[in-house]
Amino acid sequence: MQANQGGALWGGRFRQSMAPDMAELNRSLPVDRRLWKEDIRASQVWAQALGRAGVLTPAEVETLVKGLDAVARRMAAGGGEGEPDEDIHSLVERWLYEEVGALAGKLHTGRSRNDQVATDFRMWGMQAGARLREELDRLLEALLLLGEDGVDRILPGYTHLQQAQPIRAAHWALSHVWALLRDRERIRLAEEQAAVLPLGSGALAGCAFPVDRQWLAEALGFRAVSPNSMDAVADRDWAVEMAFAGALLGVHLSRLGEDLVLFSTREFAFLRLSDAYSTGSSLLPHKRNPDVAELVRGKAGRLVGNLVALLTVLKGLPSGYNRDLQEDKGLLFDTVDTLLLVLPALAGALATAQFVPEGQRAPLAPELLATDVADYLVRKGVPFREAHEVVGRAVRLAEDEGLTLATLGLERLRSLHPAFDRDVEGVFSWEASVEARGVPGGTARRAVLSQLSEARRAIRR
Ligand code: ARG
């Protein structure tokens, strides 16, 4: 009997065929079918490596490579969807039999699905990471644009979601840029971790034929070969790292989403999302909901979940390959799919969002300048702790008298501390407040402009 006629790869030692419910549990084809390009490419290069090692003749290599091309054409035409095979590796091999006959049985020489799947998955991971970074770049550009538009707009900055100090709107937009740039670097590092070749590790002990693994690595775009075959078939660290990069990116996007939800309320009213990224209500005719931001915020849960699930799959596995590892792909696929859904929509929402003009939102509260008043006293020689206390009392006095810090007047201020003078007037200016913070990383115009150009350079690097 020809091997793999019914799609099973190991008939020899079995008397019974697999129970249908076991076959269902066993099957990963619906998940790993998407690795078909990687599987076929790696198989073609493996055939060539077997040829170079003298295991296959040049004519055999050519027939296998062409046969695999034909299998690829069938896959590209949408084939493989409803096939009964266990996984993508058995499906490709079965179709290869259909293309080239018994010679197909030579392809798996010296190879195991254990090193095969680890190789395919890493090849996929390298590309997925690059795709993610591309989409992340679009989002970063959109934030950069908002930043450029926000240099001359002053917003309240918050701590504990209580108004704290005035900031330039650009400073807010850029605060998200830096977090996302760190995410981009984490993704790139995970790609680098993925670029270590497991192929040539066999099931666990290595390959008994003299394949040139260095050549394999170069041919398949890997930067190195794995140093230990047992580690190689079980190592999913790169996938965990990519899932982590995705989870933390999800958390950052969720925080940005939360800002957008708040900023587009009537109460905050700092930013207006375009109609194209807002939704209405089936009942409330006036509603304009920031669903894009809420959906993004909601997706963080599954991104974190995928990371935790993957770590949990790995925990407690004995060394070598274990079938639990079949769970890895669905989790990371979901992380990447989720992000590829979220990133373009959020980039579009930000690219079409507008800051609400100053006259159309609630005026800033003078109490945002309390620290500036304290700093004023410090410049007059008052120790900061004392100045803090004095301004605290001034705020309370203003509250009691139905005034604000700005309308309290010199006389009342003087009653609290003799260091107050006429020039305290100058403190009650939003512009003066932000301009006082000119240190690198601060919210003064010059600092923000140099931050903007630094961010632009980092994004386009
Ligand atoms: N489908 C498996 C996976 O995703 C690869 C096959 C390894 N199977 C095996 N019995 N060793 O990990």
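Note that the coordinates shown come from a computational prediction; the quantities given were computed from them, not determined experimentally. (Residues numbered from 1 in each chain as written. Predicted model: local features only at pLDDT ≥ 70, side-chain atom pairs only at ≥ 80, totals over all residues. Heavy atoms only, no water.)

1. Some points on the environment of G125
- Checked against the element boundaries, G125 lands in helix 6 (residues 113-149).
- Sequence separation between G125 and W238 is 113 residues, and the spatial gap between their C-alpha atoms is 8.5 Å.
- When sequence neighbours within four positions are dropped, the list of residues in contact with G125 reads E191, W238 and M242. (Helix = DSSP H or I, 4+ residues; strand = E, 2+ residues; numbered from the N terminus. Contact = heavy atoms within 4.5 Å.)

2. Regarding the pattern of salt bridges
- This model, assessed by the stated rule, comprises 40 salt bridges.
- Of the charged contacts in the structure, one is a salt bridge between E86 and R323, with a shortest N-O distance of 3.0 Å. Linking E86 in the loop between helix 4 (58-76) and helix 5 (88-100) with R323 in the loop between helix 11 (291-314) and helix 12 (327-351), this pair joins segments that are 237 residues apart in sequence.
- R414 is paired through a salt bridge with D421; the nearest N and O atoms lie 3.5 Å apart.
- Relative accessible area serves as the criterion here: at 35%, D421 is assigned to the partly exposed category.
- Here the residues in one salt-bridge network are R74, E83, D85, R94, E98 and E99, joined through shared partners. (Salt bridge = Lys/Arg side-chain N within 4 Å of Asp/Glu carboxyl O. Buried < 20%, exposed > 50% of the residue type's maximum accessible area, 1.4 Å probe, protein only.)

3. Some points on the packing of aromatic side chains
- By the definition in use, this model includes 11 aromatic pairs.
- For the pair W124 and F333, a centre-to-centre distance of 4.6 Å together with 65° between the ring planes defines the contact as edge-to-face. You can see W124 sitting in helix 6 and its partner F333 sitting in helix 12, a full 209 residues away along the chain.
- Measuring from ring centre to ring centre gives 5.6 Å for F268 and F270, while their planes differ by 85°; the resulting arrangement is edge-to-face. (Phe/Tyr/Trp six-rings, centres within 6.5 Å; stacked < 30°, edge-to-face > 60°.)

4. Observations regarding unusual backbone geometry
- In this model, L161 sits at a positive phi of 60°, which is unusual for a non-glycine residue.
- Positionally, L161 belongs in the loop between strand 1 (154-159) and strand 2 (162-168).
- Here A269, not a glycine, exhibits a phi torsion of approximately 50°, which is positive.
- Summarising the element assignment, A269 is placed in the loop between helix 10 (237-263) and strand 5 (271-272).
- Classification of A269 as buried rests on a relative accessible area of 15%.

5. Overview of helix 13 (residues 370-379)
- Among the residues making up helix 13, those that are buried are A370, D372, V373, A374, Y376 and L377.
- On its buried side, helix 13 packs onto helix 14 (384-401) and helix 16 (430-435).
- Directly after helix 13, the chain includes G381, whose backbone phi takes a positive value near 100°.

6. Describing the packing of helix 3 (residues 36-52) against helix 5
- Their axes nearest at 10 Å, the elements helix 3 and helix 5 cross at an angle of 60°. In terms of axis orientation, helix 3 runs oblique to helix 5. Regarding helix 3 and helix 5, the two cross each other, and that crossing is right-handed. Facing W36, D39 and I40 of helix 3, the residues of helix 5 in contact are I88, H89 and V92. (Axes fitted to C-alpha atoms, helices over the stretch in contact; angles between N-to-C directions. Parallel < 35°, antiparallel > 145°, perpendicular 65-115°, else oblique. Left-handed = near helix turned anticlockwise from the far one by under 90°.)

7. Examining the environment of L96
- Relative to the assigned elements, L96 resides in helix 5.
- For L96, a relative accessible area of 0% gives the class buried.
- For the pair L96 and P383, spaced 287 residues apart in sequence, the C-alpha separation works out to 82 Å.
- Not counting chain neighbours up to four residues away, the residues in contact with L96 comprise L64, G67, L68, V71, G101, A104 and L107.

8. So, the site of the ligand
- Near the ligand the following residues occur: S28, D87, R113, N114, V117, Y321, R323, Q326 and K329.
- At 2.8 Å, a side-chain N or O of N114 approaches a nitrogen atom of the ligand.
- Within the contact set of the ligand, a nitrogen atom lies 2.8 Å away from a side-chain nitrogen or oxygen of Q326.
- Starting from 340 Å² of accessible surface for the ligand in isolation, the protein chains cover 86%.
- Tallying contributions element by element places helix 6 first for the shell around the ligand, with three residues.
- Among the residues making up the shell around the ligand, the classes are represented as two nonpolar, three polar and four charged. (Near = heavy atom within 4 Å. Polar contact = N/O pair within 3.5 Å; in protein donor to acceptor, adjacent residues only side chain to side chain. Areas by Shrake-Rupley, 256 points an atom, 1.4 Å probe, with all protein chains shown as cover. Nonpolar A, V, L, I, M, F, W, Y, C, P; charged D, E, K, R; others polar.)

9. Side note on the nonpolar core
- If you look at the biggest cluster of nonpolar residues, it comprises 105 residues, and the most contacted ones within it are M75, L139, W172, L253 and L350.
- A total of 14 residues in this core trace back to one element, the largest contributor, which is helix 10.
- Residues in contact with W172, not counting those within four places in the same chain, are L146, I167, L256, D259, L260, F263 and F355.
- Membership of the second largest hydrophobic core comes to 20 residues, among which are A370, A387, L408 and V424. (Core = buried A, V, L, I, M, F, W, Y, C linked by side-chain atoms within 4.5 Å.)

10. Regarding the side chain of D183
- Here D183 shows up in helix 7 (residues 169-194).
- Engagement of the side chain of D183 in a polar contact is seen with the side chain of R186, the distance being 3.0 Å.
- Non-local contacts of D183, meaning those with residues more than four positions away in its chain, are made with L136, A245, L248, L249 and H252.

11. Comments concerning a nonpolar patch on the surface
- A cluster of nonpolar side chains, namely W10, F14, M18, M22 and L25, defines an oily patch on the protein surface of about 500 Å² accessible area.
- One can find L25 in helix 1 (residues 20-26). (Patch = residues over 30% accessible without salt bridge, like charges linked within 9 Å, V, L, I, M, F, W, Y side chains within 5 Å.)

12. Some thoughts on the environment of R33
- On the secondary structure map, R33 appears in the loop between helix 2 (29-32) and helix 3.
- Sequence separation between R33 and V92 is 59 residues, and the spatial gap between their C-alpha atoms is 9.7 Å.
- Setting aside anything within four residues of it in sequence, one finds R33 in contact with M75, G78, G79, G80, E81 and I88.

13. Focus on the pairing of strand 2
- Sheet topology note: the strand 1/strand 2 ladder contains six bridges and is antiparallel. Residue I154 lies in a different strand from strand 2, and its bridge partner there is R168.
- Where strand 1 hands over to strand 2, the hairpin turn is made up of two residues, of which H160 adopts a positive phi near 55°. (Pairing = 2+ DSSP bridges.)

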